[in-house]
Amino acid sequence: MWNSHISATNLIDTAVKAIGARLPPRWRLRDRGRGAAVQAPQDALPGADAVWELRDPDGLASDILVEAQANPVEPRMVGRVADRLQALSESICGQTGAPSSLLEPDAIVDKESPRGRIVRVDWEALAHRWAMDYDFASSNVPTTWLEPRGTGALFSRLRDTGIRYAVTGSFAGHRLAPIAEPRLAALYVDDPDIAARSLGLRPAETGGNVFLVRPFDPVAFERAEHDDGIAFARATQVLPDLMTGPGRGPAEAEALLAWMRDHEALWQLPLTETT
């Protein structure tokens, strides 16, 4: 048993180094814990041998549960090990407050079965639940810039820029549910410094009229909607941004929420695309 334990430990050490060396530049893989550090919250469910953290260049991270086998793994064992690690992952998520322990008990989503596809989503309750754990300024990385000629000049440049971006915040909300003329433009971009140079913006600690925001997740760019040559974030992204944004953002969120209630067919995705 002792020799087997040492062999498994050596396997984990070797694997994390070998895989880490093969990752793209600025990606990182690290060993976060072994044995007791990766126990399931339920006594009946054995823990994983290790947990690794995979982190991308933007700082987004995901945990990987590891099962180490000193002996050759037979094909018939793969399904059993995979099922156990999946059950462990779901059990840990349920204890740590991940969305799958939060959404179903609150009747925000309904599934065909515990592991089946989602058949109903209370999108309004989901938006409010998301806003409890999300904050536009702290969840993302915003930087403040100045366009001396005004936001009109900024949007003119956006029509010809080659950078990836998505407009969110007041201008995106105003496009669908106008309540007052917006003054501050907020854009999701991959790299604020590169975007600022491309758009001719100046750094501004105070008095800026442009937020360039590196999103915490690339999903902010997905399925952007184009209107008059401008890429806007989807309403489902703009809503929580306004809910948790500065100034009159919450009031603009209420106007957008009312528009979304009246135009569900225009923005909702099929459930097969949201599972």
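Predicted model only: the values in this text are computed from it and were never measured. (Residues numbered from 1 in each chain as written. Predicted model: local features only at pLDDT ≥ 70, side-chain atom pairs only at ≥ 80, totals over all residues. Heavy atoms only, no water.)

This brings us to the overall build of the chain. Helix and strand counts for the chain stand at 12 helices and 12 strands. Every one of the 275 residues in the chain was classed for burial, and the buried ones make up 36%. With the model as given, the accessible surface of the chain reaches about 15,700 Å², and the carbon-plus-sulfur share is 53%. (Helix = DSSP H or I, 4+ residues; strand = E, 2+ residues; numbered from the N terminus. Buried < 20%, exposed > 50% of the residue type's maximum accessible area, 1.4 Å probe, protein only. Areas by Shrake-Rupley, 256 points an atom, 1.4 Å probe, with all protein chains shown as cover.)

A few words on the side chain of Thr 161. Tracing the backbone shows Thr 161 in the loop between α6 (151-158) and β7 (165-168). Apart from the residues lying within four places of it in its own chain, the contact partners of Thr 161 are Ser 198 and Leu 199. (Contact = heavy atoms within 4.5 Å.)

Right, let's get into the packing of aromatic side chains. Enumeration over the complete set of coordinates arrives at 3 aromatic pairs. Geometrically, the ring pair formed by Phe 136 and Tyr 188 is edge-to-face, given 6.3 Å between the ring centres and 75° between the ring planes. Of the two residues, Phe 136 is situated in helix α5 (residues 136-139) and Tyr 188 in strand β8 (residues 185-189); the sequence distance between them amounts to 52 residues. Owing to a relative accessible area of 5%, Phe 136 belongs among the buried residues under this scheme. Residue Tyr 188 is classed as buried on the basis of its relative accessible area, which comes to 1%. Consider the rings of Phe 155 and Phe 171, whose centres lie 4.9 Å apart with planes at 40°: the pair is tilted. (Phe/Tyr/Trp six-rings, centres within 6.5 Å; stacked < 30°, edge-to-face > 60°.)

Bringing the confidence of the model for the chain into the picture now. If pLDDT is low for a region, its predicted coordinates should not be looked at in detail. Chain-level pLDDT for the chain is 79 on average; 74% of the residues reach the 70-or-more range. Predicted confidence for residues 1-6 stays below pLDDT 50, and this span has 0 contacts to residues more than four positions away or in other chains. (pLDDT = per-residue confidence, 0-100.)

Turning to its location among the elements, Leu 176 is positioned in helix α7 (residues 169-176). Each C-alpha atom, one on Leu 176 and one on Ala 255, is 8.9 Å from the other, the two residues being 79 residues apart in sequence. Residues within four places of Leu 176 in sequence aside, it is in contact with Ala 235, Leu 256 and Trp 259.

Applying the stated criterion to the full structure yields 12 salt bridges. The partner of Glu 124 in a salt bridge is Arg 261, with the nearest N and O atoms 2.8 Å apart. Here Arg 261 lies in helix α10 (residues 249-262) and Glu 124 lies in helix α4 (residues 123-133), a separation of 137 residues in the sequence. Given the relative accessible area of 39%, Arg 261 is considered partly exposed. The shortest N-O distance in the salt bridge between Glu 225 and Arg 175 comes to 2.7 Å. In this pair, Glu 225 is assigned in strand β11 (residues 225-227) and Arg 175 in helix α7, connecting sequence segments 50 residues apart. According to the relative accessible area criterion, Arg 175 is partly exposed, its value standing at 25%. Sharing partners across several salt bridges, the network here consists of Arg 175, Glu 225, Asp 227 and Arg 234. (Salt bridge = Lys/Arg side-chain N within 4 Å of Asp/Glu carboxyl O.)

For the rest of this paragraph, the subject is the packing of α7 against helix α9 (residues 235-243). Contact geometry for α7 and α9: axes closest at 9 Å, N-to-C directions at 125°. Overall, the two elements α7 and α9 adopt an arrangement that is oblique. Both α7 and α9 take part in a crossing whose hand is left-handed. Contact residues: α7 offers Gly 169, Ser 170, Ala 172, Gly 173 and Leu 176, while α9 offers Ala 235, Val 238 and Leu 242. When grouped by side-chain class, the residues that make up the contact of α7 with α9 number 5 nonpolar, 3 polar and no charged. (Axes fitted to C-alpha atoms, helices over the stretch in contact; angles between N-to-C directions. Parallel < 35°, antiparallel > 145°, perpendicular 65-115°, else oblique. Left-handed = near helix turned anticlockwise from the far one by under 90°. Nonpolar A, V, L, I, M, F, W, Y, C, P; charged D, E, K, R; others polar.)

The subject of this paragraph is the nonpolar core. In a soluble, globular protein the nonpolar side chains are often hidden away together inside. One finds Leu 154, Leu 158, Tyr 165, Val 167, Leu 187 and Leu 212 to be the most contacted residues of the largest nonpolar core, which totals 48 residues. In terms of residue count, α10 provides more of this core than any other element does, 6 residues in total. Those residues in contact with Val 167 that sit more than four places away from it in its chain are Phe 155, Leu 158, Ala 172, Ala 186, Leu 187, Ile 230, Ala 231, Phe 232 and Ala 233. With 7 residues, the next largest nonpolar core counts Leu 29, Ala 50, Trp 52 and Ala 68 among its residues. (Core = buried A, V, L, I, M, F, W, Y, C linked by side-chain atoms within 4.5 Å.)

Turning our attention to unusual backbone geometry. A positive phi angle is found at Arg 223, which is not glycine, with a value near 55°. Locating Arg 223 in the fold gives a position in the loop between β10 (210-214) and β11. Overall, Arg 223 belongs to the partly exposed group, its relative accessible area being 40%. The phi angle at Asp 228 is positive, at roughly 55°, despite the residue not being glycine. Examined against the element boundaries, Asp 228 turns out to sit in the loop between β11 and β12 (230-232). Relative accessible area serves as the criterion here: at 58%, Asp 228 is assigned to the exposed category.

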